[in-house]
Structures are given as structure tokens and as C-alpha cells.
Amino acid sequence: MVSPQWALAVLCLSAQSSLAAVSAPPAKNPRETQVRNIAVIGAGAAGASTAYHLQRFAEEENIAINVTIFEKSDRIGGRTLTVNAYDDPAQPVELGASIFVNANHILYNAAQRFELPLAQFKTSEPGDMTAIWDGETIVFQSESGASWWWDATRMWWKYGTSPYRAVKLVQNVVNIFLKLYEPPYFPFRSLTQRVYELGLERATGTTGEQFLAENGIDAKFGREVIQAATRVNYASNLGYIHGLETMVSFATDGAMAVDGGNWQIFDNMVKYSGATILKNTTVESIVLEKRHYPSRAKPRYMLSTTNNSASVASFDDVVIATPWQFANMTAGTGVVRHRMESVSYTKLHVTLFTSPFALQPSFFGLEPGSKAPRNVYTTLGPNEKGHQGAEGVGRAGFYSISTLSTVTNPGTNATEYLYKIFSAVAVTPEFLEKLLGADIPAEFVGTKNEATTVPAISWFYAHWFHSYPIELPRVTFQDVVINDGVYYTSGIESFISTMETSALMGMNVARLIVNEAAGLNQRVRQQGPKKGSDSRRPPSREDFFDSLESELEGMMMMDEL
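In this text, all values refer to a predicted model and were calculated from it rather than measured experimentally.

Moving on: the packing of helix H2 (residues 105–113) against helix H12 (residues 499–518). Two elements in contact, H2 and H12, have axes separated by 8 Å at closest approach and are oriented at 85°. Overall, the two elements H2 and H12 adopt an arrangement that is roughly perpendicular. Taking contact as the criterion, the partners of His-105, Ile-106 and Leu-107 in H2 are, on H12, Met-499, Glu-500, Ala-503, Leu-504 and Met-507. Taken together, the residues of the contact of H2 with H12 sort by class into six nonpolar, one polar and one charged.

As a further point, take the nonpolar core. Nonpolar side chains in soluble globular proteins tend to be buried together. One finds Ile-69, Phe-100, Phe-221, Ile-265, Phe-266, Met-269 and Phe-495 to be the most contacted residues of the largest nonpolar core, which totals 108 residues. It is H12 that provides the largest number of residues to this core, a total of ten residues. Those residues in contact with Phe-266 that sit more than four places away from it in its chain are Ala-45, Ala-48, Ile-76, Gly-77, Thr-80, Leu-107 and Met-499.

The next thing to look at is the pattern of salt bridges. Going through the model one piece at a time under the given rule, you end up with 19 salt bridges. A salt bridge links Asp-128 to Lys-371, with the nearest nitrogen and oxygen atoms 3.5 Å apart. Residue Asp-128 is located in the loop between H2 and strand E5 (129–133), and its partner Lys-371 is located in the loop between strand E13 (345–355) and strand E14 (375–378); the two are separated by 243 residues in the primary sequence. With a relative accessible area of 10%, Asp-128 lands in the buried category. Salt bridges sharing partners connect three or more residues here, namely Arg-36, Lys-298, Asp-317 and Glu-516.

In this section: the sheet that holds strand E18 (residues 481–483). Taken in spatial order, the six strands of this open sheet run E7-E2-E1-E11-E19-E18, and their pairing is mixed. Both edges of this open sheet fall to strand E7 (276–278) and E18, since each of them pairs with a single strand only. Each strand axis lies, on average, 20° off the axis of its neighbour in the sheet, ignoring direction. Bridge count for E18 against strand E19 (residues 486–488) is two bridges, and the pairing is antiparallel. Bridge pairing links Val-481 to Tyr-487 in E19. Packing of helix H1 (residues 45–61) onto the sheet brings it into contact with strand E1 (36–41), strand E2 (65–70) and strand E11 (317–320), and relative to E2 it is tilted by some 175°.

Turning next to the pairing of E14. Within a regular strand, side chains alternate between the sheet's two faces. Here E14 shows a buried face lined by Asn-375 and Tyr-377 and a second buried face lined by Val-376 and Thr-378. Looking at chain direction, E5 and E14 are connected through four bridges and run parallel. Within E14, the residue paired with Thr-130 across the bridge is Asn-375. Pairing of E14 with strand E15 (residues 400–408) involves three bridges; the strand directions are antiparallel. Residue pairing across strands places Tyr-377 opposite Ser-400, the latter belonging to E15.

Where burial is concerned, most of E1 is hidden: six out of the six residues are buried. Of the two faces of E1, the one holding Arg-36, Ile-38 and Val-40 and the one holding Asn-37, Ala-39 and Ile-41 are both buried throughout. When E1 meets E2, the two strands line up parallel, connected through six bridges. Looking at the pairing, Asn-37 lines up with Asn-66 of E2.

Once that is clear, we can look at the sheet that holds strand E17 (residues 459–469). Spatially, the seven strands line up as an open sheet ordered E6-E5-E14-E15-E16-E13-E17, and their pairing is mixed. Sheet topology places strand E6 (138–143) and E17 at the edges, where each strand pairs with a single neighbour. Across the sheet, the mean angle from the axis of one strand to that of its neighbour is 20°, orientation sign disregarded. Its contacts with the sheet put helix H8 (residues 219–234) on E5, E6, E13, E14, E15, strand E16 (415–423) and E17, and the angle it makes with E14 is roughly 100°.

Once that is clear, we can look at the packing of H2 against helix H10 (residues 263–273). Two elements in contact, H2 and H10, have axes separated by 10 Å at closest approach and are oriented at 75°. Compared by their axis directions, H2 and H10 come out roughly perpendicular. On H10, the residues touching Ile-106, Leu-107, Ala-110 and Ala-111 of H2 are Ile-265, Phe-266 and Met-269. Class assignment for the residues of the contact of H2 with H10 results in seven nonpolar, no polar and no charged.

Cis peptide bonds are those with omega within 30 degrees of zero, and the linkage from Pro-183 to Pro-184 qualifies with 5°. Inspection of the secondary structure puts Pro-184 in the loop between helix H4 (162–177) and helix H5 (191–197). Residue Pro-187 is bonded to the preceding Phe-186 through a cis peptide linkage, with omega at -5°. For Pro-187, the position within the fold is in the loop between H4 and H5. Phi at Asn-62 is positive, roughly 55°, even though this residue is not glycine.

Right, let's talk about the packing of aromatic side chains for a bit. By convention here, two paired aromatic rings are described through the distance between centres and the angle between planes. Counted under the stated rule, the structure contains 21 aromatic pairs. Measuring from centroid to centroid gives 5.8 Å for Phe-177 and Tyr-181, while their planes differ by 90°, and the two rings are edge-to-face. Tyr-181 matches Phe-177 in its accessibility class, with the two residues each being buried. Taking the centre distance of 5.2 Å and the plane angle of 70° together, the rings of Tyr-234 and Tyr-468 count as edge-to-face. Remark: Tyr-468 occurs in strand E17 and Tyr-234 occurs in helix H8; sequence separation between them is 234 residues. Of the two residues, Tyr-234 and Tyr-468, neither departs from the other in class, the shared state being buried. By the ring-pair criterion, three or more aromatic residues cluster together here, those being Trp-133, Phe-363, Phe-364, Phe-398 and Phe-431. Across the ring face of Trp-464, the terminal group of Lys-347 is positioned such that the distance to the ring centre comes to 4.3 Å.

What counts as what
- Residues numbered from 1 in each chain as written.
- Predicted model: local features only at pLDDT ≥ 70, side-chain atom pairs only at ≥ 80, totals over all residues.
- Heavy atoms only, no water.
- Axes fitted to C-alpha atoms, helices over the stretch in contact; angles between N-to-C directions.
- Helix = DSSP H or I, 4+ residues; strand = E, 2+ residues; numbered from the N terminus.
- Parallel < 35°, antiparallel > 145°, perpendicular 65-115°, else oblique.
- Contact = heavy atoms within 4.5 Å.
- Nonpolar A, V, L, I, M, F, W, Y, C, P; charged D, E, K, R; others polar.
- Core = buried A, V, L, I, M, F, W, Y, C linked by side-chain atoms within 4.5 Å.
- Buried < 20%, exposed > 50% of the residue type's maximum accessible area, 1.4 Å probe, protein only.
- Salt bridge = Lys/Arg side-chain N within 4 Å of Asp/Glu carboxyl O.
- Pairing = 2+ DSSP bridges.
- Phe/Tyr/Trp six-rings, centres within 6.5 Å; stacked < 30°, edge-to-face > 60°.
- Lys NZ or Arg CZ within 6 Å of the ring centre and 35° of its normal.

Right under this line is the structure:
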């Protein structure tokens, strides 16, 4: 987010109601005389990627594996989730993780391998405005269809060389991060070790404000532009997010999504893996198997689930691919040898709705008759003090409002607007009334995801996620290996929280497990996705920060001339 590099076979096994022993296939070499049983807890980005890469790596090493995925919900994809506008399956809308980018090699390569169509986002019309608003004033805006040269010139006039420096800094940090995909940095047992080896501890150990200042980027550009990116991507102000995640917020080159929902990437990964998937099944406990082992034998683990109060199966390896504090799972004596860190997650409210009404210019302090922006990202005002979490939203009252597209109401055949709001708290009828300039009853917005409608709103869907950790500065990170045969993926989210990085940790854990099974721990291997020589580029989203980065790159070209 690149041409596909893997075989095109897709295996799909039906979910089974209970675990059963799987016989090993005829052995091709001594490694295959015994099947390695692996449990993956969670079918989100990390869990699906773990299963997918286990299958790939095991095939390479002729290792016989049997993978079982335990998923507490009824679907695959975790925080990638779509809902249907107007409850019409022909109009899916991304509710969760919305985009990935060119640098996301795992996601993009998988989308290509599974022949998933990439969505076109260019729905705006010439003259449509995207703005950054501080709750009182529009501090920057970009017009769809306008010359990048004009916007770049305005940015240069207002912010000097800071935009240029920001783009160079983002490019440098992203290039360093991508080393995690290649030897000698891949695979890794300790993320903390890799952070120091790559020299990223200064970026993770300082706030976004500090990191930008240290690299010569003006505070005004940081507050008005980069902070708008950290707020829409991580619901955080620059003083409460570390420097590395700040750079990730601004790395939007080539933004894209799978048409119909990004969850399809992970669904296809699970199908390809051939794993048994047990949905609506919560793992309650992990305990050591009560068997006598020689003193140096590798332990095995028993899992108990809500669907079976007894221990259901014995596993050689267990991958915990869900945040520990949300797993509602206990670990028996001797299972966890390294402390499982509890991390605070942001509670993000996401509101989708359709309406025949456009956004009102008066809401943003514009003169009557002015054209309201189509998309609005927010930042703090020059005199506002930043805070953490919901208190940090400031006088704007929300993080972003996007007009995703114009849609056809199947009930009336009328053309309407489809909106998406990111906010710290649930939106209120009063807020929507001012935003649209239309009457909305005070009792309209409830706590349930019900399509209750009024004339001004024809379809409505509200949801909230524990979307990502609060990314405060830090220089140490949760261990990947928490016991012999027990692995944890969510520690990477305090480093970088994206679909791609969760998928990277799944790939990393899969490589560690197969290396251990094949006795390859000391061998340097050439693994990990690489950019291919294929010059095809995916369709890109006309995202404000994506187009802004193009403008800044144009400024760099002008500077070189």
C-alpha cells in the first residue's frame, strides 16, 4: 500500500463447530513426521496474516501444520468493517479502517494476489473545497481541480520551507521503517531491539511537536496542517502522540481501499491458509498441558473456549492476535513469562449518515451564500491548549467530516450526500441540526445502530471502536515472544498502529514459528515482501493529505529547479 509474488492457489475450508485431530499427510522428509498444531486467537489483520504466512512459509520448508483460528465475533477482519448505506448490500461503506497506502506491501500485494478490485475515490467535482478548520477559522483549504502549482505556491508563501522539510522527513522515516521487512531486521523477536538498531528511538521517544521542532519544521505548519493529519488518523494532538506515528499520519502517498471493504483482504488470507476458523468462539483460558515432559522438551498448551467448557485441544504454538486487555482471557501458571502490557486505547466514534442537505457554510463561520467545504479536517486554534483523549478535541468539537460521495436513495431515487464523521463523543441532534441547517428532533440520535430517519437524514449508523492505542512517547515495546511457543502481536500497535503493521507482525510471528520448527533460527533468510518491477500503479484516493503531499513534492521539484 507491486506485483504479486506468491502462488495463486486458494484453499477454502468450512468452519467446524469443534476441534478435531488432523492426520499428517505422507511425510516428504523427517520434518513432516508430525503435524505442528498452531492456535491463532483473533481473525483481524494480525491473526489473518499469521495464518496466511504460516501456510506460505510452512510450504517452503516442508513443514506440516494444522492452524485453528478462534474468533469471538461472527466475521473476519477485526477493525475493518463495512455497513450498507440504506441497508442496501449494493452500497457498502467502510466503517472501520478505511485506507492503506503504497508503502503497505503486504496489503497491496495480497489485494493483487486475490484479484480484489481497488476502489476509486475521485468523487469530488471541480470547485469542491477541502478545508482545515480550527473551530473558528479555516486555516488552509484546497480546491478540487485547481492547479497543484497554485496550492503549492500558497503553502510556500504561508509556511516557507517547512512543507518541504516535512515531506523529506516523512520519506526518510518511512524508508527506515521498511527495513523491518528485510533481513537482517526480519524476522524479529524483540521490537525494542529493532527500534534501537534502526535508530527510531528518537522518533518514538519524543512528541510530535518536539520531533518536528528538532527537524526544523515550523510550529505553525505543524499545528495547522500536520496536526490535522494526526487528529483524523489517530484522534491525537501533536503533544500527545509520538514522532514516529506523527510521520505515519502524514505518509498518505497513493491511498487506496478495496472496493466493497478492506476486510476482504483478511477473509481471503484466511481462506488461502486452509485454517479451521471457529467464529463466535471466545478463548477463556490458556494453560500448560498436564503431561510429563523431559526437562528440555517444548511445552504444549491447552485452550478452553466459551463453546466448550473443557480444554478442547493441545497446541504446540499459540498466537494471541488481539489486544490482551480486550481478550477477556486468563493465562495459567507458567504460560506467560513476560509481562503482558495493558495499553490505553482511544475510543473513537464513527457516524455515517445520508442526507439531501449539503453542509452549511454558516457552521464554519462563512458568509451566507458562500460555498461550504466538502471535507473538513480540524485542528486546535492558536490559543487553545492541547489535551489527551476526548478533552483534546478542542472547540471544533470533532476530528473530521467527510462527504464520501453522492448516492442514490433507493426509496426515493433522489440523489443525496453520504457523510462520515470522526468524533470524540457521539454526535448530538443539535450538532447535526447546525451542520445541515435542517430541523432534527432532539430525540433523534440514540445509542443503538438503528436506521431511525427524519426528513433531513434518510439513513443513519453510529458506532464506536477502541480504534488504536494512545500513542504517547516511549522507547520500549511489548515482547513478541512471551513464552516458548506463545506469541503476541498487538505490541506493535504502540509503535505504529495500522492494518499493515498488524499484518507485518502476523507475518513476523509466522516466520519465527516456522523457523523454530525447521531449525532455522540461526539462518539468515531472504524473506519478506519486496516491491516488484511491475510499473502498474493502483487507483488512488483523492484524499486531502494525499493530494497535499503531491503538492509538497511539487514544491521540492520547484526548489531543485
